[in-house]
Every structure is written in C-alpha cells, then in structure tokens.
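Residue strings, one per chain:
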Amino acid sequence: MNDSIYLAIQENPRFKELVAKRERFAWVLSAIMLALYSAFILLIAYAPQVLGAKLSPGTSITWGIPIGVGLILSAFVLTAIYVRRANGEFDDLNQAILNEVQP
Amino acid sequence: MIRRLAAATALALASTLALAADALAGTVQKQPLNVAAIAMFVGFVCLTLAITYWASKRNRSAADYYAAGGRITGFQNGLAIAGDYMSAASFLGISALVFSSGYDGLIYSIGFLVGWPIILFLIAERLRNLGKYTFADVASYRLKQTEIRTLSACGSLVVVAFYLIAQMVGAGKLIQLLFGLDYTVAIVLVGILMCLYVLFGGMLATTWVQIIKAVLLLAGATFMALMVMKSVNFDFNTLFAEAIKVHPKGEAIMSPGGLVNDPISAFSLGLALMFGTAGLPHILMRFFTVSDAKQARKSVLYATGFIGYFYILTFIIGFGAILLVSTNPAFKDATGALLGGNNMAAVHLANAVGGSVFLGFISAVAFATILAVVAGLTLAGASAVSHDLYASVIKKGKAAEKDEIRVSKVTTVALGVVAIVLGILFEKQNIAFMVGLAFSIAASCNFPVLLLSMYWKRLTTRGAMVGGWMGLVTAVVLMVLGPTIWVQILGHEKPIYPYEYPALFSMIVAFAGIWFFSITDNSTAAEGERALFYPQFVRSQTGLGASGAVSH
C-alpha cells in the first residue's frame, strides 16, 4: 500500500472527525457497560436485600430477576447501538474518505 | 471499598470457572450404555464429517485453510463465537448452580457476558483491519517479525496446550458419565475426530461444526425451557413460587447468596477471565474469518445475543430442574442426592421433559460441544506453528503456501497425539486449575502485547518482547509457586505464592515491563517502529489495505 495515501488520510480533516467521533462513542458505551455492571456488583456486595426484595407483596418474583435479565439485555442493546452507528454513519464517512483519496 | 467491589466483581466471574470445572472434575461413575444417545452422536459425527468433506473440496489456498477464505458472514461467525462460549461445562455447570443456589447462577452468567461488548467497542474492528490469519499478524504489524511472532506463537501454544488438556479431560469424564464409554476410548475418539475436522476441513469445517453444535444446543435448551414453562402455564410467578416451596433453601434462592472466597485469588481469576478472553488465540482467530470490520462487528452483536439468550434459558432450566427433577425420586439415589451429582440436573431434566430420546439428544449435543471446541483450539495451535513460526520466523516470509499448509497439517497430527497422551496422563488432575492457567497466560502475555500494539504509539519491539516474556514467565512461575503445584503436587508445606491465580500480578508485571522497556528504548529501530504507528493507525481505522474476502 502506498505510504502517501496513508499520509493523505491521516491529514484529512474528515478522518480526524471520524476517529474522534468513533473513539468517543466506543469509550462512552464501554463506560456505560462497566458502570451498569459495577452498580450490579455493588448491590450484591452491599445491599443484597435490594435484589432479594419482592416486586409486589403478592408475587414470588424479586427485583433481582428483572435487574439481572435487564443487564443481559443491556449488553445486547449496547452492542446493537454501537453496531448500528458504526456500520451506518461511521462506515459511510469512512467510505467517503477512502473515495476521496483514491478516486 | 474498591477492594470489596473488586472482590465481588471477580467472584461473579471466577465462580463460573470453578463451577464449570466442578461439572467435569472428580470421580464419576460410569453410566449404563445409552443407545439413543450413541445413535444420535453417530448421526452428528456423520453429518460433521460430510461437512468436512465438502469443506475440503472448497479449501484451495492458505486463506481458505486458516480463515475460511474470509467468507463467513457476521451471523454465522456470531453463532460460531457463541458456540465457543456455550461449552458443555457452562451448560451443565450453570444450570447445576441455579439448581443448587438459584439466583447466584444468574450472577455468574452476567459476569461472563459483559466482557463481550467491551471486546466489540475496543478491539474487534482494529483486529479485523490489521490481521490476516493469527493475532500475531496484528501484534507484529510494525514491530520486528521474528521476535514478536516467536513470542506470540509461544503464548498461543502454551494457552492452547493447557486449554486443550482441560477440554480433553473434561470430555473423557463427560462421555463416561453420559454414554458409559471407557475414559481412554473417549479420549482417543475425541482426538481422532478433532484431527479429521482440522486436517481436511480447516477453518471452514471447524466453523461449521461449531455453528451446527450451537444451533443444536440452542434448540435443545429452548425446547427444555419451553417445556418447563408449559408445566407452570407460562407463568414465571408460579415457576418461582413452586421452586421456593420445594427447594431446601426456600426464599433464599431468589436473592444473591453467600459468595465467599479469598478476595485476591478471586480478583486475580476475574481479571484473567475478562482479559484472557481477549487473548485466546482460537477466539481471536474467528475475527479473521469474516470479510471486513462491518461483519466483525455484526459477529459480536449476534454472539452477545445468542450467549445472553442461552444464559436466560439455563436460568429457566435450572429452576425447571428444581421443580421437575428434585421432586422425582427416580432421579435420586438412596441418600436423596441427584444421580451423577448436581451437574447432571440439566441432563435429568431432559429426561423428565422429553423422555429417553431427548435425553440422548442432549447428551449427544454435550459431546458435540466438546468436539467443536477442541477442533478450534487445535487449528489455532497449528496456525501458530505454521503461519507464525514456520512461515514468518524460519522462512522469513518466503515459504510457499503449500509448504505452510503442510506444516500446519503435520502440527495438527502432532497436537492430536499430544492431546490424547496428556489427556490420559492428566485424568486425575484439577482441570479448573488448567483453564485458569490458560486464561492467566492469555491475559498476561497475549493480551497486553496485542492491546498496546494497537493503541500505544510508543510501543517498541524491545518493550513488547521484554514485557511479554516477563508476563508469561511471571504467570507460570507464580502458578508453580502457588498452592496447587508447590503444595499439592511437589509436597512442600507452604506455598511461596499464597494465591491460586497469578493474573493480577503478572498482568501488572507485563504492562509495567512493556511500558518501561519501550520508553527507555532510544534505538533508531525503535524510532522507525514509532513512525510506523500512523500508517497502522490509519489502516486500523479505515480498513484500507486490510486483507479481504477471497473470491473464487
């Protein structure tokens, strides 16, 4: 691969924009995932009774069930959000940059 | 505070491994020969061998052999990755844990799942854009080929060896339990089949075996969960209420239970599991089987979905077992314990909801699971030898493709023989320990070098070499000085290193070593390597120049 093409992309303001946007998005989502998981672990460590509390007096289902299942769903939803934006908006921008430097 | 938090995080992660090993460790009684199970297993083997034959016709180049020609779709790869994760141990182990402690089982599943989004956000697309067949392609992208590939290949081989032994031992035990076959026969059978898949079918067959198994396992687990829900009229409240009534722990199964362990050991193992996954050569290799970063991202999306769905199913299955298995005297021995131990909860439930034919199906799927995982491991080990050591280090990148593949096939046979021999030798060993060691080494050697090569501009060959080897050696030495080897095997009185798992310390050593020996490296070669970071960065971000799908 030609070095000058790499150099051209590196100097391209749209490339800088793409990288800044995508990196920021990835770090924000990572932080959300870790924060949700840490909060869950904090609950287990310090307030297990919260997870063991019943949803309502007449039921056997405890708060731990929707919270736990919710965490599994959130992992999937966060990956879906990332993939949607990365495979759409970011990849379009990426393609535009590539088209610009190699006509 | 931090320490407690860390300990709790680690526990959630660590225990999955321990319980997975539980499923497969210890003495097992041989079961009577199960004809339905064996018939279905033979059916699976015939199907997968047919696929291997089909794959062998399509395999023409090295790209076909190592990476299925980059033609696997994101959906298929997602299933294959999920297949690598949904092992027999996690299926039987997690449902057993739910069966015995209820809610705790869900906590463990969650610990295993949350690593995947992080892999997607930070690693997946850069990996796909930079690599070709092995993760060493990425680590050595701008560094010296000989040194870094040797390091990566050694890291890969050590990880593969320990993981393979653990899987072989587990396979032997499980087959004894499920089919009533002799341990040695089972090991030899697994060894021969995995060699056949890899030798003739390469990555294409290995991936399809994994996909078929994942589909069968998901279908079987879905059926079980549906039957369980049918028995309670699809009402979760009834399911839990009935379970609380019959379970000896009563209400306690609906909230987090006692998670106790040595916090540093647990934290150490937790780190190993989280970051070890991102350093396992057979998982990383899967990212090169898709055509581009777009498909790589989709793979993780589907994998996360399937794995999450599977964990929810095992939770229902575990509660179903409390309801339908623990109340049925036919599944218990004279003392009231479950036949074959708690790890058989899901297997007994299969019998309870679907009769002996479905029991045979689930047993066959459990065996298929092991076959699929060992095949992937063998391929990763063979690639490290042929692509990294032979083609890049010994032949300096001038090896003919034909020779490279031949070396890979010879290595596959050698690995098969080694796996069979070690599987028999290690029959009585603690396999949780070996899986922990494999993850610890992956997290302390492969992962730091890979991560920093993609993210840190100032990394140099010297830093990666010294730090990587320091991580690898520290992990192994601490394991030897720890309680398992130093006390239990070598018979010393007290361990020199008091904790079971080394990752906490060996990862710090690796990262610190890489950092220090990189920033103090003032050679001209190091300057050149730093200058190469920007082209690498552009490629990792845009995919420009990345190896793509092979069209025929």
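Computed from a predicted structure; not experimentally measured.

Asker: How should I be thinking about the overall build of chain B in this particular structure?
Answerer: Helix and strand content of chain B: 22 helices and zero strands. In summary, chain B has a C-alpha radius of gyration of 23 Å against a globular reference of 24 Å for 552 residues, a match within 12%. Going through the 552 residues of chain B one by one, you find that 65% of them count as buried. If you take every contact in chain B between residues at least 6 apart in sequence, the share linking residues at least 24 apart comes to 85%.

Asker: Is there a simple way to explain the overall build of chain A in this structure?
Answerer: Within chain A one finds four helices and zero strands. Along chain A, from the amino end to the carboxyl end, the secondary structure elements read α-α-α-α. A compact globule built from 103 residues would reach a C-alpha radius of gyration of about 13 Å, whereas chain A, at 22 Å, exceeds it by more than 25%. C-alpha atoms of chain A, sized along the principal axes, occupy 70 × 25 × 20 Å.

Asker: Is there a simple way to explain the confidence of the model for chain B in this structure?
Answerer: Any region with low pLDDT has predicted coordinates that should not be read closely. All names here are of chain B. Averaged over every residue, the pLDDT of chain B is 85; residues scoring 70 or more account for 90%. Element-level mean pLDDT values for chain B span from 44 in helix H1 (residues 2-24) up to 95 in helix H14 (residues 293-324). Here residues 1-27 is a poorly scored stretch, pLDDT under 50, and it has 69 contacts once near neighbours within four places are set aside; other chains count. For this predicted complex, the interface confidence reaches an ipTM of 0.93, while the overall pTM sits at 0.87.

Asker: For this particular structure, what's the right way to read the interface of chain B and chain A?
Answerer: Accessible area lost upon the coming together of the parts serves often as the stated size of an interface. At the junction of the two partners, chain B supplies 42 residues and chain A supplies 42 residues. With ten residues, H14 of chain B is the single largest residue contributor to the side of chain B that touches chain A. A breakdown of the residues in the side of chain B that touches chain A according to their chemical character gives 29 nonpolar, nine polar and four charged.

Asker: I keep staring at unusual backbone geometry and nothing clicks. Help me out?
Answerer: A negative phi angle characterises most non-glycine residues, just as the trans form characterises most peptide bonds. Residues and elements named next belong to chain B. Here the phi dihedral of alanine 68 falls at roughly 50°; this positive angle occurs in a residue that is not glycine. By secondary structure assignment, the location of alanine 68 is in the loop between helix H3 (62-67) and helix H4 (74-85). Alanine 68 gets classed as buried once you count the C-beta atoms within 10 Å, which come to 29. A positive phi is found at phenylalanine 234, a non-glycine position, where the angle reads about 55°. Among the secondary structure elements, phenylalanine 234 is positioned in the loop between helix H10 (183-231) and helix H11 (236-246). Given 11 C-beta atoms within 10 Å, phenylalanine 234 falls into the exposed group.

Asker: How should I be thinking about the environment of isoleucine 441 of chain B in this particular structure?
Answerer: Residue and element names in this part refer to chain B. By secondary structure assignment, the location of isoleucine 441 is in helix H17 (residues 431-455). We classify isoleucine 441 as buried; it has 31 C-beta atoms within 10 Å. Once the C-alpha coordinates of isoleucine 441 and alanine 475 are considered, the two residues, 34 residues apart in sequence, prove to be 6.1 Å apart. Once residues lying within four places of it in the same chain are set aside, the contact partners of isoleucine 441 are Gly155, Val158, Val159, Leu472 and Ala475.

Asker: Looking at this model, I keep getting lost on the nonpolar core. Mind explaining?
Answerer: Soluble globular proteins tend to pack their nonpolar side chains together in the buried interior. All names here are of chain B. Ranked by size, the top nonpolar core spans 230 residues in total, and within it Val190, Leu349 and Leu371 carry the most contacts. In terms of residues, this core owes the most to one element, helix H15 (residues 345-394), which gives 31 residues. In contact with leucine 349, other than residues within four places in its own chain, are Met224, Ile317, Gly320, Ala321, Leu324 and Val325.

Asker: Any chance you could explain the environment of isoleucine 9 of chain A here in plain terms?
Answerer: Its location among the elements puts isoleucine 9 of chain A in helix H1 (residues 3-11). Isoleucine 9 of chain A sits 47 residues away from serine 56 of chain A along the chain, and the two C-alpha atoms are 58 Å apart.

Asker: Before we go on, may I ask you to explain the packing of helix H6 (residues 104-113) of chain B against H14 of chain B in this structure?
Answerer: Pairs of packed helices are described in terms of their axes, by the angle between the two and the distance that separates them. All names here are of chain B. It is at 10 Å that the axes of H6 and H14 come closest, and there the two elements cross at 170°. For the element pair H6 / H14, the angle class is roughly antiparallel. Across from Gly105, Leu106, Ser109 and Leu113 in H6, the residues of H14 making contact are Ile307, Gly308, Tyr311, Thr314, Phe315 and Gly318.

Asker: What exactly am I supposed to notice about the confidence of the model for chain A here?
Answerer: Averaged over every residue, the pLDDT of chain A is 89; the share at 70 or more is 97%. Predicted confidence in chain A is weakest over H1 of chain A, with a mean pLDDT of 84, and strongest over helix H4 (residues 64-101) of chain A, with 93.

Asker: Would you mind going over the UniProt feature "transmembrane region" (unreviewed entry) in chain A with me for this structure?
Answerer: Residue and element names in this part refer to chain A. When the UniProt feature table is mapped to this numbering, "transmembrane region" (unreviewed entry) covers residues 25-48 and 60-83. As annotated, residues 25-48 has a helix share of 96% and a strand share of 0%, and its two end C-alpha atoms lie 33 Å apart. Between the C-alpha atoms that bound residues 60-83 the distance is 37 Å, and the span itself is 83% helix and 0% strand.

Asker: So what exactly am I meant to see when it comes to the packing of H14 of chain B against H15 of chain B here?
Answerer: Residue and element names in this part refer to chain B. H15 packs onto H14 with a crossing angle of 65° between their chain directions and a minimal axis gap of 9 Å. Judged on the interaxial angle alone, H15 and H14 are roughly perpendicular. Seen from above, H14 lies across H15 with left-handed handedness. Of the residues in H15, those in contact with Ile317, Gly318, Gly320, Ala321 and Leu324 of H14 are Ala345, Ala346, His348, Leu349, Ala352 and Val353.

Asker: So what exactly am I meant to see when it comes to the environment of alanine 346 of chain B here?
Answerer: With respect to the helices, strands and loops of the structure, alanine 346 of chain B is situated in helix H15. Alanine 346 of chain B has contacts with Phe91, Leu92, Ser95, Ile317 and Ala321 of chain B, leaving out every residue within four places of it along the chain.

Reading guide: rules and limits
- Residues numbered from 1 in each chain as written.
- Chains lettered and ligands numbered in written order.
- Predicted model: local features only at pLDDT ≥ 70, side-chain atom pairs only at ≥ 80, totals over all residues.
- Helix = DSSP H or I, 4+ residues; strand = E, 2+ residues; numbered from the N terminus.
- Rg over C-alpha atoms; globule rule 2.2 N^0.38 Å.
- Buried ≥ 20, exposed ≤ 12 C-beta atoms within 10 Å, placed from the backbone.
- Contact = placed C-beta atoms within 7 Å.
- pLDDT = per-residue confidence, 0-100.
- Nonpolar A, V, L, I, M, F, W, Y, C, P; charged D, E, K, R; others polar.
- Core = buried A, V, L, I, M, F, W, Y, C linked by C-beta atoms within 7 Å.
- Axes fitted to C-alpha atoms, helices over the stretch in contact; angles between N-to-C directions.
- Parallel < 35°, antiparallel > 145°, perpendicular 65-115°, else oblique.
- UniProt positions renumbered as here; feature names shortened; annotations may be inferred.
- Left-handed = near helix turned anticlockwise from the far one by under 90°.

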